[in-house]
Amino acid sequence: MLDALDRGALNPSSPHAEGRAARALLDDCRDRVAGLLGASRKEIVFTAGGTEADNLAVLGIVRARRGTHAVAAATEHHAVLEALQGLRDEGCRTTLLGVDSDGRVDPAALAAALRDGAALTAIMYANNEIGTVAAVDELARLAHAHGAAFHCDAVQAPEWLPLDVAALGVDSLAMSAHKFGGPKGTGALYVRNGTPLAPVLRGGGQEFGRRPGTEDVVGIVGLTAALEAAVAERSTQARRVAVLRDRLERELLARLPGVRVNGSAAPRLPNIGNLAFEGIAAAELVAALDLAGVATAAGSACTSGVPEPSHVVAALGLEPRWRDGAIRLSLGRSTSDADIDVAVAAIVRTVEALRGNTRSEAGRAQTRGG
Ligand code: PLP
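Residues numbered from 1 in each chain as written. Predicted model: local features only at pLDDT ≥ 70, side-chain atom pairs only at ≥ 80, totals over all residues. Heavy atoms only, no water.

Caption draft 1: A look at the pairing of strand β10 (residues 326-330). Within β10, four of the five residues are buried, which leaves the element mostly enclosed by the surrounding structure. Strand direction decides the pairing type here: strand β9 (residues 272-277) and β10, joined by five bridges, are antiparallel. Residue pairing in the sheet places Gly273 in a bridge with Leu329 of β10. (Buried < 20%, exposed > 50% of the residue type's maximum accessible area, 1.4 Å probe, protein only. Helix = DSSP H or I, 4+ residues; strand = E, 2+ residues; numbered from the N terminus. Pairing = 2+ DSSP bridges.)

Right under this line is the structure:
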């Protein structure tokens, strides 16, 4: 990225030598990203992040097909759910599919929702809050059998899961650079050749007429390098991080009563654990852990900084004690064994302290009461 910044203006649409150099750099990135997905150059649209990629796919495909119905999982990211709201505002019907207690969509429920036809089905590859990995190939086949295009939000996937778009059978697939070590505000949408897609933004012919605006070449260089590194390290890191995550969960379950791992019966990303701590509200635990130096999340971290109750955990239909105290612990390629020791010690201390407070408050109330 520093090298690209040093090259100066980098506008790939400019007619001069510098513009042509920028175009060559952009084409090279597009080829490399396409190669990593098993796609071709014209199937890659660079965007300003995962949210834009999801919006472009959901709105762009349904509008291009003049669709009147779209189907998605209730546990999708807000980038998909809010795009569906946009479709509803335009008079399109949408169906949200429930999930089982581990976050999986039932293929029979998808087939039933598609019985009357749909322009699009959107189901994410891996959930950002509980890590559940969907059977994308099976769900995409079902969608196609009913005449629906299939969009996949793969924002959480590149570091951990295979990304061969032909094997997945998707028509579009969204990625975000900062989820695999690249810069924030840069993303990509794969769109299968022949998939109709109406642009959401207007104003220029860039990205094969599908996403106008001067390309962020420096960000795209970063996305490309980060994706190559993530894919090269994928299998080693996925194994290593899964061992760390499993130890984190095992030690917390052993050292604290009233703990549950949500979503653990389904195939999961190796780096996410959604843990519920009975008797503690998730927002309170996140705040206390932050003071203890452990950064966790509950609900959607992408909004105000104030955790809202999680629509994903709510969709699992858990008992309130496992729903209300659920927080997300995420690991990364830089997480070490020592980090796990620090996290376990801090979480045990914090949970015991919060539960102690609750107990002594209850005790005081009882004493006052009688
Ligand atoms: N989809 C999923 C599954 C995500 O986790 C996120 C971000 O956390 C997004 C979409 C949005 O991506 P971005 O923050 O790049 O807009």
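Caption draft 2: Just the environment of Ala315, in detail. Among the secondary structure elements, Ala315 is positioned in helix α11 (residues 311-315). For the pair formed by Ala315 and Arg41, sequence separation is 274 residues and the distance between their alpha carbons is 38 Å. Ignoring any residue separated from it by four or fewer positions in sequence, one finds Ala315 in contact with Thr75 and Val99. (Contact = heavy atoms within 4.5 Å.)

Caption draft 3: Representation of the site of the ligand within the structure. The immediate surroundings of the ligand are formed by 14 residues, with Gly50, Thr51, Asp153, Gln156 and Ser176 found nearest. Gln156 is positioned with one of its side-chain polar atoms (N or O) 2.9 Å from an oxygen atom of the ligand. Lys179 is positioned such that a nitrogen or oxygen atom in its side chain is 3.0 Å from an oxygen atom of the ligand. Protein chains bury 90% of the 390 Å² of accessible surface belonging to the ligand in isolation. Per element, the largest residue contribution to the shell around the ligand is three residues, and it comes from helix α3 (residues 50-64). By residue class, the composition of the shell around the ligand is three nonpolar, eight polar and three charged. (Near = heavy atom within 4 Å. Polar contact = N/O pair within 3.5 Å; in protein donor to acceptor, adjacent residues only side chain to side chain. Areas by Shrake-Rupley, 256 points an atom, 1.4 Å probe, with all protein chains shown as cover. Nonpolar A, V, L, I, M, F, W, Y, C, P; charged D, E, K, R; others polar.)

Caption draft 4: Structural view of the environment of Leu97. As for its position among the elements, Leu97 is in strand β3 (residues 93-97). Judged by relative accessible area, Leu97 falls into the buried class, the value being 5%. Placed 177 residues apart in sequence, Leu97 and Asn274 show a C-alpha to C-alpha distance of 21 Å. Discounting chain neighbours no more than four positions away, the residues touching Leu97 are Val71, Ala72, Ala73, Ala74, Val105, Ala109, Leu110, Ala113 and Ile123.

Caption draft 5: Representation of the packing of α3 against helix α4 (residues 78-89) in the model. Axis separation between α3 and α4 bottoms out at 9 Å; the angle between their running directions is 35 degrees. The way α3 lies across α4 gives a crossing that is right-handed. Residues Thr51, Asp54, Asn55, Val58, Leu59 and Val62 of α3 touch α4, and the partners they reach there are Ala79, Val80, Ala83, Leu84 and Leu87. The residue makeup of the contact of α3 with α4, split by class, is eight nonpolar, two polar and one charged. (Axes fitted to C-alpha atoms, helices over the stretch in contact; angles between N-to-C directions. Left-handed = near helix turned anticlockwise from the far one by under 90°.)

Caption draft 6: Here's a closer look at the sheet that holds β10. The three strands lie next to each other as β8-β9-β10, forming an open sheet whose pairing is antiparallel. Every interior strand has two partners, whereas the edge strands, β8 (259-262) and β10, have only one. Strand after strand, the sheet turns through a mean of 35 degrees between neighbouring axes, direction not considered. As judged from the four bridges shared by β8 and β9, these two strands associate in the antiparallel manner.

Caption draft 7: Examining the pattern of salt bridges more closely. Under the counting rule described, the total for this entry stands at 22 salt bridges. Between Glu159 and Arg333 there is a salt bridge, and its shortest N-O distance comes to 2.7 Å. Note that Glu159 is positioned in the loop between β5 (149-153) and α7 (165-168) and Arg333 in the loop between β10 and α13 (337-369), a separation of 174 residues in sequence. Using a relative accessible area of 12% as the deciding quantity, one classes Glu159 as buried. (Salt bridge = Lys/Arg side-chain N within 4 Å of Asp/Glu carboxyl O.)

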